[in-house]
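Now for the letters of each chain:
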Amino acid sequence: MKGLFGKKWVKGLACFVLAGVLCFGVLLGAVLYGSYDHIQGEPETMIILGCQIHPWGPSILLQDRLDEALAYLEEHPDMTVIVSGGQGPDEHTSEAACMRDYLVRAGFDEGQILVEDISHNTYQNMIYSAEMMRENDLDTEDGVLIVSNGFHLTRARMLWNRVTGESDEVSTLAAPSSHMPSRIWMYIREPLALAKSFVFDR
């Protein structure tokens with residue numbers, strides 16, 4: 001009897017682990033599916049999502065986002081850019097301020113940059129960026145281009161759609177993730193973050 005109970009326990013645990021692996025695989029597939037450029041028409045507003053900064057400047061992942069944005073802006077210099085990210089407890093300034101300074105040093109017109117510096121997660125990035133667009137008479141129907149590392153874009157698109165109720169007008173620009181340890185970790189972390197956001201970010 002004890003042996004039978006033990007076998008059932010092992011089988012139950014194995015089924016639980018298998019279900020977890022399958023769920024993670026599905027979520028990872030969704031993350032990978034969205035991790036590429038998807039640009040519709042000529043978006044008029046760009047939103048660059050924040051990431052960790054250091055006392056000496058943006059982290060490698062954030063620099064990847066900014067450099068990808070600058071490459072696109074060279075061909076589309078008239079866009080309005082929203083830099084979105086608040087100040088973390090271990091950051092000397094807001095991520096948005098750091099991003100603005102980086103873009104300005106690279107030669108982009110500061111007058112075309114809007115600073116959203118109160119958000120602390122991706123859901124808030126979307127809420128406050130959408131509010132900033134409304135306050136500045138920027139119509140989401142004119143097209144929005146969200147810039148982040150590829151692993152982040154599925155969640156960003158889902159949350160933008162949830163916040164604005166619009167799915168057809170949002171485009172995504174995928175920055176590379178040149179720091180390999182961060183890239184590996186983020187592709188492990190992001191499927192779990194996607195599930196969390198799907199359930200709780202409402």
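An account of the accompanying structure is given in this report.

Rules and cut-offs
- Residues numbered from 1 in each chain as written.
- Predicted model: local features only at pLDDT ≥ 70, side-chain atom pairs only at ≥ 80, totals over all residues.
- Heavy atoms only, no water.
- Patch = residues over 30% accessible without salt bridge, like charges linked within 9 Å, V, L, I, M, F, W, Y side chains within 5 Å.
- Areas by Shrake-Rupley, 256 points an atom, 1.4 Å probe, with all protein chains shown as cover.
- Salt bridge = Lys/Arg side-chain N within 4 Å of Asp/Glu carboxyl O.
- Helix = DSSP H or I, 4+ residues; strand = E, 2+ residues; numbered from the N terminus.
- Buried < 20%, exposed > 50% of the residue type's maximum accessible area, 1.4 Å probe, protein only.
- Polar contact = N/O pair within 3.5 Å; in protein donor to acceptor, adjacent residues only side chain to side chain.
- Contact = heavy atoms within 4.5 Å.
- Axes fitted to C-alpha atoms, helices over the stretch in contact; angles between N-to-C directions.
- Parallel < 35°, antiparallel > 145°, perpendicular 65-115°, else oblique.
- Left-handed = near helix turned anticlockwise from the far one by under 90°.
- Nonpolar A, V, L, I, M, F, W, Y, C, P; charged D, E, K, R; others polar.
- 1 Å grid on protein atoms, 1.4 Å probe; cavity = no way out; pocket = protein on both sides within 12 Å on 5 of 7 lines; lining within 4 Å.
- Points joined across faces, edges and corners; volume = space filled by probe spheres on them.
- Lys, Arg positive; Asp, Glu negative; His and termini not counted.
- Charge placed at Lys NZ, Arg CZ, Asp CG, Glu CD.

1. Quick notes on a nonpolar patch on the surface
A contiguous nonpolar surface patch, about 400 Å² in accessible area, is contributed by Leu13, Phe16, Val17 and Val21. Relative to the helices and strands, valine 17 is located in helix α1 (residues 2-33). The exposure class of valine 17 is partly exposed, given its relative accessible area of 45%.

2. Regarding the side chain of serine 148
As for its position among the elements, serine 148 is in strand β6 (residues 144-149). When its relative accessible area of 0% is taken as the criterion, serine 148 is described as buried. Polar side-chain contacts of serine 148 include one of 2.7 Å to the side chain of histidine 152. When residues no more than four places from it in sequence are discounted, the contact partners of serine 148 are Leu49, Arg65, Leu153, Leu173, Ala174 and Ala175.

3. Thoughts on the side chain of serine 94
With respect to the secondary-structure elements, serine 94 resides in the loop between β4 (80-84) and α3 (95-105). In terms of polar contacts, serine 94 uses its side chain to reach the backbone amide nitrogen of alanine 97, at 3.0 Å. Discounting chain neighbours no more than four positions away, the residues touching serine 94 are Ile53, Gly85, Gly86, Gln87 and Asp117.

4. Structural notes on the environment of proline 191
Take proline 191: it is sitting in helix α6 (residues 180-200). Overall, proline 191 belongs to the buried group, its relative accessible area being 0%. Separated by 117 residues in the primary sequence, proline 191 and glutamate 74 place their C-alpha atoms 33 Å from one another. Here proline 191 is in contact with Phe24, Leu27, Leu28, Val31 and Met186, once residues within four sequence places are set aside.

5. Some details on the packing of helix α2 (residues 60-75) against α3
Following both chains from N to C, one finds α2 and α3 inclined at 45°, their axes separated by 11 Å at the closest point. The angle between α2 and α3 places the two elements in the oblique class. The hand of the α2/α3 crossing is right-handed. In contact with Leu62, Gln63, Leu66, Asp67 and Leu70 of α2, α3 contributes Met99, Tyr102 and Leu103. Class assignment for the residues of the contact of α2 with α3 results in 6 nonpolar, 1 polar and 1 charged.

6. Some points on the layout of surface pockets
By volume, the largest pocket amounts to about 580 Å³. Lining of the largest pocket is provided by 27 residues; of these, Gly50, Cys51, His120, Asn121 and Arg189 occupy positions nearest its centre. Listed by contribution, the elements that provide at least two residues to the lining of the largest pocket are α4 (122-135) and α6. A total of 6 residues in the lining of the largest pocket trace back to one element, the largest contributor, which is α6.

7. Quick look at the environment of histidine 120
Tracing the chain through its elements places histidine 120 in the loop between β5 (113-116) and α4. With sequence-adjacent residues up to four places away left out, histidine 120 is seen in contact with Gly86 and Gln87.

8. Some words on a negative patch on the surface
On the surface, a cluster of negative charge is made up of Glu44, Asp139, Glu141 and Asp142. Residue aspartate 142 is classed as partly exposed on the basis of its relative accessible area of 37%.

9. Looking at the pattern of salt bridges
Evaluation of the coordinates by the stated rule reveals 4 salt bridges. For glutamate 190, the salt bridge goes to arginine 189, with nearest N and O atoms at 3.9 Å. A residue is classified by how much of its surface remains accessible, and arginine 189, at 35% relative accessible area, is partly exposed. Measuring nitrogen to oxygen at the nearest pair gives 3.3 Å for the salt bridge that ties lysine 196 to aspartate 201. For lysine 196, a relative accessible area of 41% puts it in the partly exposed group.

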